[in-house]
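Architecture at a glance
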Amino acid sequence: MKFIETRGNDGNKPVSVSFSQAILSPMSSFGGIYAPEHIPQLAPGFLADHLDKDYKTLAQGILSAFEVDIEDDLVEAALATYDGFDDPQNPVPVVQVGERLHVSELYHGPTRAFKDMALQPFGVLLSGLSQARDEHYLIMAATSGDTGPAALDTFRGKPNIKVACLYPDGGTSDVQRLQMVTENADNLKVIGIHGSFDDAQAALKNLLGSERFRAALVEKHTRLSAANSVNFGRIIFQLVYHIHSYLELVRQGHIELGDKVYLVVPSGNFGNALGGYYAWRMGLPVERIVIASNANNVLTALIRSGAYDLRQRQLIGTSSPAMDILKSSNVERILFHLFGAERTRELMQQLDEEQHYQLTGEELEAVQLLFCADYCGDEQGKAYIKEYFERGYLMDPHTATCMQAHASCCDQPLHAIVYSTAEWTKFSPTIANALTGERDSHDIDALKSIARLADTHIPARINELFNKPIAQTTLVDKEDIEKEVLAFINPATK
């Protein structure tokens, strides 16, 4: 299958590229990204055939449906990374937490967040391709807390790969920050910036689209790629767990094949929701995708009114920081599939230049056939954390935002799958406050408090963070990011 440009072609880049080309060089003409030229359909009987198959076999089936140009042995090596999850046979447990309400736990990988589901195999693919081509790559990543640790973990020590990870100073949890700044591999660079995640993501996109920056890397015999979900190599692995979660409900006897479900997704950059959209379009029986936001509820406004308007908005720091995002990159792929490249370019250019756009009434109707949205404030989220803990389930603040969206949007008597994107250990002060009223605790104290209260243990990889030396201390203004990255590629230039 070929991949094409969401904003159309500028005459300088190829009109279409292969999957491997799209993941090695993810930015396209006019600042756009790549999307599949068509969305494949699951073969008749695909879901039934995979009821008795494991997760890796399901993932292989999805990759085959997209006809990816990756050698079978490299695909197998990439999917073997799931052997490092808590349960290699079932890396994504699905747990019932209420009547017709289920949580798909996406956080059982090495960094305890859902980004491992895509980045663990993605790292093997990208490194394998770079070695096969005898090419060296700089992988750029911008993180609001989870992409960074997962990208650093998957690429640690990989041949032919260097990673520069940007994060907003003060914009992540302590555990997320420690997961990044304690990394000491020579091929990893962590850069804190004075600013928000949107600033980090804007810097990432600017560097990915900068011919000057690309030329400077070429001089150092280095090519450029990205680990964020602008890269379709992330998205293709994310859609797998939506299909897996549906099959789990069938296996557990909650639904029958063909029954529709709601997918309830906590959303920041919209990659998780986009994976659900692709799964739906491929043939998964879905009633609607429910988008859960926090107080930065720009997506709620878009889905309810058709307006994407950042003119009067300032980013709000919340207790669900991975969703503290105003520009959601993967909305662009939805616009492209619904309205085409020309309209997508028009809308995205208006957002970039004027900080807003407005869908037409007909366009809004098309969006609302697919999506419903609501948002949840911090205090309401903590109330959900406490409520479900008293029912016997411990959840993080991002999962808690889904409970409000589920209550307001799931208006049919259908089963719903809520996607839990992070383990409780990543945001322990917020959870401790929700459960006990404890405030301003250090992460380690909150972790111990919750572990006692919930009669559970702190995973070793989280516990050991507090005794590891800080190896990454760089903190810069956003204007200095390019210079810092180039100095990392060639230390003599610093």
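The coordinates are above.
Overview of the structure. (Residues numbered from 1 in each chain as written. Predicted model: local features only at pLDDT ≥ 70, side-chain atom pairs only at ≥ 80, totals over all residues. Heavy atoms only, no water.)

1. Describing the overall build of the chain
- Counting secondary structure elements, the chain contains 21 helices and 16 strands.
- In terms of overall dimensions, the chain is globule-like: its C-alpha atoms have a radius of gyration of 21 Å, near the 23 Å expected for 494 residues.
- Along the first, second and third principal axes, the C-alpha atoms of the chain reach 60 × 50 × 50 Å.
- Burial analysis of the chain (494 residues in total) assigns 62% to the buried set.
- Taking the contacts inside the chain whose residues are at least 6 apart along the sequence as the reference set, 75% of them involve residues at least 24 apart.
- Accessible area of the chain: about 18500 Å², with a carbon and sulfur share of 45%.
- The distance from the centre of the 43 positive side-chain charges to the centre of the 64 negative ones in the chain is 3 Å. (Helix = DSSP H or I, 4+ residues; strand = E, 2+ residues; numbered from the N terminus. Rg over C-alpha atoms; globule rule 2.2 N^0.38 Å. Buried < 20%, exposed > 50% of the residue type's maximum accessible area, 1.4 Å probe, protein only. Contact = heavy atoms within 4.5 Å. Areas by Shrake-Rupley, 256 points an atom, 1.4 Å probe, with all protein chains shown as cover. Lys, Arg positive; Asp, Glu negative; His and termini not counted. Charge placed at Lys NZ, Arg CZ, Asp CG, Glu CD.)

2. Quick look at a negative patch on the surface
- Together, D69, E71, D72, D73 and E76 line one region of the surface with negative charge.
- Relative to the assigned elements, D72 resides in helix α4 (residues 72-79).
- Judged by its relative accessible area of 58%, D72 falls in the exposed class. (Patch = residues over 30% accessible without salt bridge, like charges linked within 9 Å, V, L, I, M, F, W, Y side chains within 5 Å. Salt bridge = Lys/Arg side-chain N within 4 Å of Asp/Glu carboxyl O.)

3. As for the packing of aromatic side chains
- Considering all chains together, one arrives at 11 aromatic pairs under this definition.
- Seen in terms of ring centroids, Y277 and Y278 are 5.8 Å apart; in terms of plane orientation they differ by 55 degrees. Their pairing is tilted. Judged on exposure class, the residue Y277 and its partner Y278 are both buried.
- When the ring centre of F488 is taken as reference, the NZ or CZ atom of K162 above it lies at 5.2 Å. (Phe/Tyr/Trp six-rings, centres within 6.5 Å; stacked < 30°, edge-to-face > 60°. Lys NZ or Arg CZ within 6 Å of the ring centre and 35° of its normal.)

4. Topic: the pattern of salt bridges
- Summed over the entire model, instances satisfying the criterion amount to 23 salt bridges.
- We note a salt bridge from E248 to R251, for which the minimum N-O separation is 2.7 Å. Within this pair, E248 and its partner R251 are both found in helix α10 (residues 232-251), separated by three residues, close to a single helical turn.
- Overall, R251 belongs to the partly exposed group, its relative accessible area being 33%.
- Measuring nitrogen to oxygen at the nearest pair gives 2.9 Å for the salt bridge that ties E346 to R343. Remark: R343 and E346 occur in helix α14 (residues 341-354); sequence separation between them is three residues, near one turn of the helix.
- With a relative accessible area of 45%, E346 lands in the partly exposed category.
- On the accessibility criterion, R343 (18% relative accessible area) is buried.
- One continuous salt-bridge network, built from bridges that share partners, spans R7, K327, E332 and D352.

5. What to know about the pairing of strand β7 (residues 161-168)
- With respect to burial, β7 is a largely interior element, seven of its eight residues being buried.
- Across six bridges, the pairing between β7 and strand β8 (residues 188-194) is parallel. Residue pairing for β8: P168 is matched across the bridge by I193.
- A crossover connection joins β7 to the parallel β8 through helix α7 (residues 174-181); in handedness this β-α-β unit is right-handed. (Pairing = 2+ DSSP bridges. Right-handed = clockwise from strand over helix to strand, strands pointing away.)

6. Here we look at the side chain of T474
- For T474, the location among the structural elements is in the loop between α20 (460-463) and β16 (475-477).
- On the basis of relative accessibility, which here comes to 15%, the residue T474 falls in the buried class.
- Within the structure, T474 has its side chain in polar contact with the side chain of K189 (distance 2.7 Å). (Polar contact = N/O pair within 3.5 Å; in protein donor to acceptor, adjacent residues only side chain to side chain.)

7. Overview of the packing of helix α18 (residues 428-436) against helix α19 (residues 443-454)
- For the pair α18 and α19, interaxial distance at closest approach is 8 Å and the crossing angle is 50 degrees. The angle between α18 and α19 places the two elements in the oblique class. With respect to the hand of their crossing, α18 and α19 are arranged in left-handed fashion. Here α18 contributes S428, P429, I431, A432, L435 and T436 to the contact with α19, which in turn contributes D443, A446, L447, I450 and L453.
- Here the residues of the contact of α18 with α19 sort into eight nonpolar, two polar and one charged. (Axes fitted to C-alpha atoms, helices over the stretch in contact; angles between N-to-C directions. Parallel < 35°, antiparallel > 145°, perpendicular 65-115°, else oblique. Left-handed = near helix turned anticlockwise from the far one by under 90°. Nonpolar A, V, L, I, M, F, W, Y, C, P; charged D, E, K, R; others polar.)

8. Considering helix α8 (residues 197-208)
- Look at α8: 16 Å from first C-alpha to last across 12 residues, which is about the 16 Å you get at 1.5 Å a residue.
- Lining the buried residues of α8 we find β6 (137-142), β7, β8, α9 (211-219), β9 (223-226) and α21 (481-489).
- A distance of 3.3 Å separates the backbone nitrogen of D198 from a side-chain oxygen at the start of α8, and that oxygen is part of S196. (Expected span 1.5 Å × (residues − 1).)

9. Looking at the side chain of H244
- With respect to the helices and strands, H244 occurs in helix α10.
- What makes H244 buried here is its relative accessible area of 4%.
- Sequence-distant contacts of H244, defined by excluding residues within four places in its chain, comprise Y55, L58, N90, V92 and R251.

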